[in-house]
Amino acid sequence: MENFLLLTFKLERKYKDLIQYNIYDYENIGFEVDDPIEKRQILSNMPEWEISEIKIVDENIISYGVYFEDSESGQIELDRLVSFLNERIPNFKFEKLLIDNSNWEEEWKKSYKGFEIGNKIYVKPSWEEANVDDKIIIEIDPKMAFGTGTHETTSLCMEYVENQDFSDKKVLDIGCGSGILSILAKKLNAKKVDACDIDEIAVSSAKENAKINDVSINVFESNLFSNVKDKYDIIFANILAEIIVEMLNDVKSYLNEEGIIVLSGIIKEREELVVSKLKEIDFEIIDTKYKNEWVLISARRRNA
């Protein structure tokens, strides 16, 4: 696909939850969030000399860009989202653009820079040199896939697993996005890593990123477990809470008896939803981590 439809708009920060809770109800193929607070967090991990000239002003406004297929169905989904926002936001203003995919990728190259996660990980685009010697380096070319490490849900997962022993472990990454968690697992010596996503662009991106990092990962398209055939020691699921709950209905069939699940993408207000489902399927919580309004939960079978 050469072109995309892009919907851009700016909203006060008080509408952040409205967007976060509802954006996945519309069949978009990617979205950007330009939040000054998140930018400051990313820059805080960069060397002082690289950011001394960068000034970020927080005026309580977040900018959004939502991408749709350049097709009749894509236009319908875009119009549905506009209608939804018009009904809930006074004087909602937006812009619709037709974007060439190659231009989109070039814009990413201007804004996406290397940064540290946790104590051991350095994430960078492939076009940037890494001046670090003591880190696990992961190269990510984001394209249109989710999960480049900049969002709290992804960094929560990476910080949680950086000290885990993956030796001889079989790992499944559901909703793999760019493949960043799968690549990290493989670089932490996982025996086998399978990665899947419902989005074909994410699957393509994860395959490319695995190749860039010179790691062997089996990437395939799947709606949760629909095309999964194996059983695993660790299952990552960095997806929305409601989808995690759906996934948990079947997780026992794909998790080894002593295996663990690492769940992220959970906003605090939805934490109890996931906790209740874990109790229902007789799983116990091993650990819970928080970052801003996001939650990570790791769990396993009770008495495993």
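Per an unreviewed UniProt entry, the protein carries the name Ribosomal protein L11 methyltransferase and comes from Helcococcus kunzii ATCC 51366.

Note on placement: Asp194 falls in strand β9 (residues 192-197). Only 3.3 Å separates the side chain of Asp194 from the side chain of Asn218, close enough to count as a polar contact. Here Tyr232 takes part through its side chain, which lies 2.5 Å from a polar atom of the side chain of Asp194. If sequence neighbours within four positions are ignored, Asp194 has contacts with Val171, Leu172, Asp173, Asn218, Phe220 and Tyr232.

Okay, the pattern of salt bridges next. Per the counting criterion, the structure on display carries 16 salt bridges. Between Arg270 and Glu242 there is a salt bridge, with the nearest N and O atoms lying 2.6 Å from each other. In this pair, Arg270 is assigned in the loop between β12 (255-267) and α10 (271-280) and Glu242 in helix α9 (residues 241-248), connecting sequence segments 28 residues apart. Accessibility expressed as a relative area gives 26% for Arg270, which makes it partly exposed. On the basis of relative accessibility, which here comes to 40%, the residue Glu242 falls in the partly exposed class. Look at the salt bridges and you will find they share partners, linking Lys170, Lys192, Asp194 and Asp230 into a network.

Moving on: the state of the cysteines. The final tally for this structure, using the stated rule, is 0 disulfides. The thiol sulfur of Cys176 is not disulfide-bonded, and the nearest other cysteine sulfur, from Cys196, lies at 6.5 Å. Assessed through its relative accessible area of 1%, Cys196 is described here as buried.

The next subject is the environment of Gly30. Mapped onto the secondary structure, Gly30 falls in strand β2 (residues 30-34). Taking the C-alpha atoms as reference points, Gly30 and Asp199, 169 residues apart in sequence, are found 9.7 Å from one another.

This brings us to unusual backbone geometry. Backbone geometry places Asp168, a non-glycine residue, at a positive phi of 65°. Mapped onto the elements of the fold, Asp168 is located in the loop between α6 (152-161) and β8 (170-174).

Pairing in this open sheet of 4 strands is antiparallel, and the strands run β2-β3-β1-β4 from one edge to the other. Lying at the two open borders of the sheet, with one neighbouring strand each, are β2 and β4 (95-100). Across the sheet, the mean angle separating the axes of adjacent strands is 25° when strand polarity is ignored. Two strands pair when backbone bridges link them, and β2 and strand β3 (residues 61-69) are joined in this way by 5 bridges, in the antiparallel orientation. Residue pairing in the sheet places Val33 in a bridge with Tyr64 of β3.

Cut-offs used in this document
Residues numbered from 1 in each chain as written. Predicted model: local features only at pLDDT ≥ 70, side-chain atom pairs only at ≥ 80, totals over all residues. Heavy atoms only, no water. Helix = DSSP H or I, 4+ residues; strand = E, 2+ residues; numbered from the N terminus. Polar contact = N/O pair within 3.5 Å; in protein donor to acceptor, adjacent residues only side chain to side chain. Contact = heavy atoms within 4.5 Å. Salt bridge = Lys/Arg side-chain N within 4 Å of Asp/Glu carboxyl O. Buried < 20%, exposed > 50% of the residue type's maximum accessible area, 1.4 Å probe, protein only. Disulfide = S-S within 2.5 Å. Pairing = 2+ DSSP bridges. Axes fitted to C-alpha atoms, helices over the stretch in contact; angles between N-to-C directions.

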